[in-house]
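Each chain is listed here by its residues.
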Amino acid sequence: MKQQPSSRGGAVWALVLTSIAGFMAALDNLVVTTALPSIRESLGGELGELEWTVNAYTLTFAVLLMTGAALGDRFGRRRLFLAGLAVFTAASAAAALSPGIGELIAFRAVQGAGAAVMMPLTLTLLSAAVPAARRGAALGMFSAVTGLAVACGPLVGGSLTEHLSWQWIFWVNVPIGLILLPLARLRLAESYAPNARLDIPGTVLISAGLFGIVYALVSATGDGWTSPGVLTGLIVGTALLAAFIRHGFRAAAPVLPMRLFRDRGFFGINIASLLMYLGMFGSIFLLSQFLQSVLGYSPTEAGLRMLPWTGMPMLVAPVAGHLSDRFGGRPVVVTGLALQAVGLGLFAAVLEPDVGYGAQLPGLIIGGIGMALYFAPAASLVMSSVRPGEQGIASGANNAMREVGGALGVAVLASVFSARGGYGSARSFTDGTVPALWIGAGVVGLAALVALLVPSRRTARGPAPEPAQERASLAA
């Protein structure tokens, strides 16, 4: 890997700049959720269109993450980081200026594309700038900052929406992006991966396949499961994903080598991550609206009341990391997923149009502790399941699985909500939300069972030989 020598000052600048960029990208996953009622009132839109204001970002973010890493390897990581940051910043301004729900959805998709190029390169740029002896601490601080973004997303979105307007959830990115761009150009060192190749067929297959399936799931809310468009999306999307899997086994340098999934650890933690995000994101999408539309909380009040769930990782993650070091990652992840399933189940059990906050609190706290126990060891389980040279692409794959899970979660649970309830009254909204939350709890419980596939203890992998052609395609 070609790069400029790092210094202590360069490492600090890299940590600050990449952490702020990662914070912005992670924040925009959830910042919209508490603004959805205000967006609906301002721009109109049915349930399916509100879903797309969330899914348009998470979908493009998910399907282009590995492409962003590969482009950085090929054309320069700092250069592509700057390009992604510029696209993300410009799309944020365009989203704030959107005159209608359709335009907002389109610019959210562009935002996600910019974040997908920017986000995977934050870790490679940071790793290149920080000496090996301090790299673990730096990555830990970076993870804490992105975890804070998840915790603050609903609260930041609610506060900006209530005290300014929903447009400010996007405007806030613009000055930060404009400050970061020149600083990153001056302070981050450029680096490349020699002989990196782009897997264009694989990227097209996975992008088109995921789009077809998620489009069908979102459209099913209004059009019905047997409508031609929904059936076409499901069938064609599934066929393209099958072709992507076949491509991953046969291609010389695929964007995601399918042989990685033969490892129980890699398979278990990735599928568990997809299922966990499916249950979590879909539940947050509905609960943030329930707190406002049914219980009458303001956007800020709704964000604050969700903090015991979304903010718990900031308090519990250090303990979870210690437990993971002592007992191994698998029992901590399995316990965390089980607790999150219990938390969602408790919330579903008490949900009524007049439910008090005290009745909601046990589910929020238990779910938040479970989420924290999952987050801390999940990344190390992913990294320990592959060879050192494959850790970049493994990280990209895990991030993509989580984002796809989030997009599917919003689509699936919103479809359940629409089938059993609606926006017509508080009772109707509750009737739709309760079965959706039970399904979310079941999906996260299934994730806990899948996580049992991860080996209980794993020794570090040695420097096993890698295929020469494939090594060139791996993200550093």
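Predicted model only: the values in this text are computed from it and were never measured.

With that settled, consider the confidence of the model for the chain. Atom-level detail of predicted coordinates should not be read off regions where pLDDT is low. When the pLDDT values of the chain are averaged, the result is 78; 81% of them are 70 or greater. Within the model, pLDDT remains below 50 along residues 1-6, and this stretch shows 16 contacts once partners closer than five positions in the same chain are excluded. Of the regions scoring below 50 in pLDDT, residues 458-476 engages in 48 contacts with residues more than four places distant in sequence or in other chains.

Once that is clear, we can look at the pattern of salt bridges. Counted under the stated rule, the structure contains two salt bridges. Between R427 and E352 there is a salt bridge, and its shortest N-O distance comes to 2.8 Å. Remark: E352 occurs in the loop between α14 (329-350) and α15 (357-384) and R427 occurs in helix α17 (residues 426-451); sequence separation between them is 75 residues. Accessibility expressed as a relative area gives 39% for R427, which makes it partly exposed. With a shortest N-O distance of 3.3 Å, D431 and R427 are connected by a salt bridge. In this pair, D431 and R427 both sit in helix α17, four residues apart, roughly one turn of the helix. Overall, D431 belongs to the partly exposed group, its relative accessible area being 33%. It is possible to trace a salt-bridge network through shared partners that takes in E352, R427 and D431.

With that out of the way, let us pick up the packing of aromatic side chains. Applying the stated criterion across every chain yields a total of four aromatic pairs. Residues F261 and F266 carry aromatic rings whose centres are separated by 4.9 Å and whose planes lie at 75° to one another, so their mutual orientation is edge-to-face. For the pair F261 and F266, one class covers both residues: buried. Sitting above the plane of the Y297 ring, R305 keeps its charged end 4.1 Å from the centroid. The ring of Y357 has R305 lying over it, and the distance from NZ or CZ to the ring centre is 5.5 Å.

Rules used throughout
Each chain carries its own residue numbering, running from 1 in the written order of its sequence. Reporting in this predicted model follows two pLDDT cut-offs: at least 70 for local features of residues, and 80 or more for side-chain atom pairs to be given and counted; totals over whole chains, interfaces and linings ignore these cut-offs and use all residues. Hydrogens and water are ignored here; the side-chain numbers use all heavy atoms of the structure. Every residue carries a pLDDT, the predictor's confidence in it, which falls somewhere between 0 and 100. Here, two residues are considered to be in contact whenever any of their heavy atoms come within 4.5 Å of each other. Here, a salt bridge means any side-chain nitrogen of Lys or Arg that lies within 4 Å of a carboxyl oxygen of Asp or Glu. Numbering goes from the N terminus for both helices and strands, where a helix is a DSSP run of H or I of at least four residues and a strand is a run of E of at least two. Burial classes follow relative accessibility: with a 1.4 Å probe on protein chains only, a residue under 20% of its type's maximum area counts as buried, one over 50% as exposed, and anything between as partly exposed. Any Phe, Tyr or Trp ring, taking Trp's six-membered ring, that has another such ring centre within 6.5 Å forms a pair; planes under 30 degrees apart are called stacked, those over 60 apart edge-to-face, and the others tilted. Whether a charge sits over a ring depends on NZ of Lys or CZ of Arg being within 6 Å of the ring centre and within 35 degrees of the ring normal.

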